[in-house]
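What follows is the residue order along each chain.
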Amino acid sequence: MYIPTQEERYSKIARFTLFLCVIVPSGIVAWLGQVGSILSCVCGFLWPIALPLVSLGHLPVWAALCFSALLQGGAFFTMANSAKLTPKGKVTMAITWGMLFALILRIMIAYEVWMSVRAGQ
C-alpha cells in the first residue's frame, strides 16, 4: 500500500479549501452567537475589520464591509500565490487567520451582549 509523503498530501490543497479555512470558523461563531441571517454568517469573517471602521471612522456599514473584503481578498490572493510559503505553511496560515478572526468575532459578540445586559440594569 502506497502512503504519500506529507509534502505530497499538502501539495494538492485547493484555493477553495484555503478560503473555507478562513471563512468557516467565523461563520460558525456568528451562527452560534445568533447574529442573524445566513448572510451574516457567511460575512462573519468581514466584521472584525469592518466594525471598528464603522464605530471609529463613521463609515457606512456597506463601505466598511467592502473595504474589509478588499483588504482580506488582497491578503488571501497574496498568501495563496506566494512562492515562499510551502503548501503546509499556506494551510497553517489560513487556519490561523480563520481562527483568529473567529476569536475576535466571539469577543465582539460577547462585548455586545455584556453591554446590552449592563444597559438593562
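This text goes with the structure placed above it.
### Looking at the packing of helix α4 (residues 47–57) against helix α5 (residues 61–80)
Packing of α4 against α5 leaves a shortest axis separation of 8 Å and a crossing angle of 140 degrees. Comparing their axes, α5 and α4 come out oblique. Seen along the crossing, α4 lies across α5 with a hand that is right-handed. The residues of α5 that touch α4, namely those facing Trp47, Ile49, Ala50, Leu53 and Val54, are Val61, Ala64, Leu65, Phe67, Ser68, Leu71 and Gln72.

### Section: a nonpolar patch on the surface
Together, Phe16, Phe19, Leu20, Val24, Ile28, Trp31 and Leu32 make up a nonpolar patch on the protein surface, roughly 720 Å² of accessible area in all. Overall, Phe19 belongs to the partly exposed group, its relative accessible area being 33%.

### Remarks on the environment of Arg9
Topologically, Arg9 is positioned in helix α1 (residues 6–10). Judged by relative accessible area, which is 52%, Arg9 ranks as exposed. A sequence separation of 107 residues divides Arg9 from Ser116, and the C-alpha atoms of the two residues are 47 Å apart.

### Some thoughts on the packing of aromatic side chains
Scanning all chains against the criterion turns up 4 aromatic pairs. With 6.4 Å between their ring centres and 50 degrees between their planes, Phe76 and Trp97 make a pair best called tilted. Residue Phe76 is located in helix α5, and its partner Trp97 is located in helix α6 (residues 87–120); the two are separated by 21 residues in the primary sequence. For Phe76, a relative accessible area of 13% gives the class buried. For Trp97, a relative accessible area of 15% translates into the label buried.

### A few points about the side chain of Ser26
You can see Ser26 is positioned in helix α2 (residues 15–32). Aside from chain neighbours lying at most four places away, what touches Ser26 is Gly44, Phe45, Gly98, Phe101, Ala102 and Leu105.

### Section: the nonpolar core
Ranked by internal contacts, the top residues of the largest apolar core, which has 17 residues, are Leu18, Val22, Phe45, Phe76, Met79, Ala94 and Trp97. For this core, the secondary-structure elements that each account for two or more residues are α2, α4, α5 and α6. In terms of residue count, the dominant contributor to this core is α5 (5 residues). Setting aside residues no more than four positions away along its own chain, Phe76 makes contact with Arg15, Leu18, Phe19, Val22 and Trp97.

### Regarding the side chain of Ser68
Residue placement: Ser68 occurs in helix α5. If near-sequence neighbours (up to four positions away) are discounted, Ser68 is found in contact with Leu46, Ile49 and Ala50.

Here is what the cut-offs are and how they apply
- Residues numbered from 1 in each chain as written.
- Predicted model: local features only at pLDDT ≥ 70, side-chain atom pairs only at ≥ 80, totals over all residues.
- Heavy atoms only, no water.
- Axes fitted to C-alpha atoms, helices over the stretch in contact; angles between N-to-C directions.
- Helix = DSSP H or I, 4+ residues; strand = E, 2+ residues; numbered from the N terminus.
- Parallel < 35°, antiparallel > 145°, perpendicular 65-115°, else oblique.
- Left-handed = near helix turned anticlockwise from the far one by under 90°.
- Contact = heavy atoms within 4.5 Å.
- Patch = residues over 30% accessible without salt bridge, like charges linked within 9 Å, V, L, I, M, F, W, Y side chains within 5 Å.
- Areas by Shrake-Rupley, 256 points an atom, 1.4 Å probe, with all protein chains shown as cover.
- Salt bridge = Lys/Arg side-chain N within 4 Å of Asp/Glu carboxyl O.
- Buried < 20%, exposed > 50% of the residue type's maximum accessible area, 1.4 Å probe, protein only.
- Phe/Tyr/Trp six-rings, centres within 6.5 Å; stacked < 30°, edge-to-face > 60°.
- Core = buried A, V, L, I, M, F, W, Y, C linked by side-chain atoms within 4.5 Å.

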